[in-house]
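Structural features, examined
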Amino acid sequence: MNMKRLAAIILGGTILPFLTMSMSWCADKPLIVAHYMGWFGLPELSGQWYQWKFALDGVDMDKHHYPEFMKLSGKLDIASDHYPLIGPYDSADPAVLEYHILLAKEAGIDAFMINWYGFKNDKGEPRQEDRCFAALLSVAEQLDFKVCINFDDKCSFPPFQNTTNRRDAVLSSKKTIEEVYRKYMHRPSYLKINGKAVLSNFGWAYATSDSIAQTSFKAQEWRDIFGELRDRIFFM
């Protein structure tokens, strides 16, 4: 595998990283993968606002955004520097997903790498990111497009999960990755390199202590997480 270059594109008004690499099955054209945020939600489809609304305790009121209200400009007050041309959307809406994939294909993009924080939150409730990823996989299969998961270490640490030590966090991630492998990685639309399912890391930050306050894994912890799946997953 020959890593070519790391650059950036603009997709949906957001600057996103993308990775190009020479592929054995397509040596004359590098594979282009765009970092895609598939976590937005509307009350009518997802039961509540996801990501478009921002109102946190301890944050100044002038930084809050309430999409239930319309600004003088005639646009909803969403938590975004850019306003989508199609308006606020739901990342589990098949019509929106088809639209985004078709736009990506027209731009020469081959796959999306999706921010993903696990199957359930600390209360055991399904996470919006997983619901949207499952919908994206299905639409991608219909459009000959590929997607993969961009896994964030911190989803196995508090406050995302009620783990109390690093060993618990490792075991939580191991269980999660094994379920991802069973549930998603065999799907035709899941991105594979040299026959291995691709799993990327959101932001590599090597932990320097055994404190659970450091929400990233050490190399040995990653080896423990992958276990027998180590030779079946292309991790980057």
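First, a word on what this report is: a plain description of the structure on this page. (Residues numbered from 1 in each chain as written. Predicted model: local features only at pLDDT ≥ 70, side-chain atom pairs only at ≥ 80, totals over all residues. Heavy atoms only, no water.)

1. A closer look at the pairing of strand β7 (residues 196–201)
Along any regular strand, the residues point their side chains to alternate faces of the sheet. For clarity, the threshold we go by: Throughout, exposure labels follow a simple rule: accessible area from a 1.4 Å probe, protein chains only, divided by the maximum for the residue type, with under 20% read as buried, over 50% as exposed, and the rest as partly exposed. A run of H or I in DSSP becomes a helix once it reaches four residues, and a run of E becomes a strand once it reaches two; helices and strands are each numbered from the N terminus. When DSSP finds two or more bridges between two strands, those strands count as paired.
Of all the six residues making up β7, five are buried; the element is thus mostly covered by neighbouring parts of the structure. Across three bridges, strand β5 (residues 146–151) lies against β7 in parallel orientation. Bridge pairing links Ile-149 to Leu-199 in β7. Adjacent in sequence and paired antiparallel, strand β6 (residues 192–193) and β7 are bridged by two residues, among which Asn-194 carries a positive phi angle near 55°. By the bridge criterion, three bridges tie β7 to strand β8 (residues 233–235) in an arrangement that is parallel. Paired with Ala-197 across the bridge in β8 is Ile-233.

2. Observations regarding the packing of aromatic side chains
Test applied: Each Phe, Tyr or Trp ring, with Trp reduced to its six-membered ring, pairs with another whose centre is within 6.5 Å; inter-plane angles below 30 degrees give stacked pairs, above 60 give edge-to-face pairs, and intermediate values give tilted ones.
Inspection of every chain in the model, using the stated rule, returns 18 aromatic pairs. Judged by centre distance (4.9 Å) and plane angle (75°), the ring pair of Phe-112 and Phe-145 falls under edge-to-face. Note that Phe-112 is positioned in strand β4 (residues 111–116) and Phe-145 in the loop between α3 (128–142) and β5, a separation of 33 residues in sequence. Taking 5.5 Å as the distance between ring centres and 80° as the angle between the ring planes, the aromatic pair formed by Phe-217 and Trp-222 counts as edge-to-face. Of the aromatic side chains, those joined through ring pairs into one cluster are Trp-116, Phe-119, Phe-133, Phe-151, Phe-157, Tyr-184, Tyr-190, Phe-217, Trp-222, Phe-226 and Phe-235.

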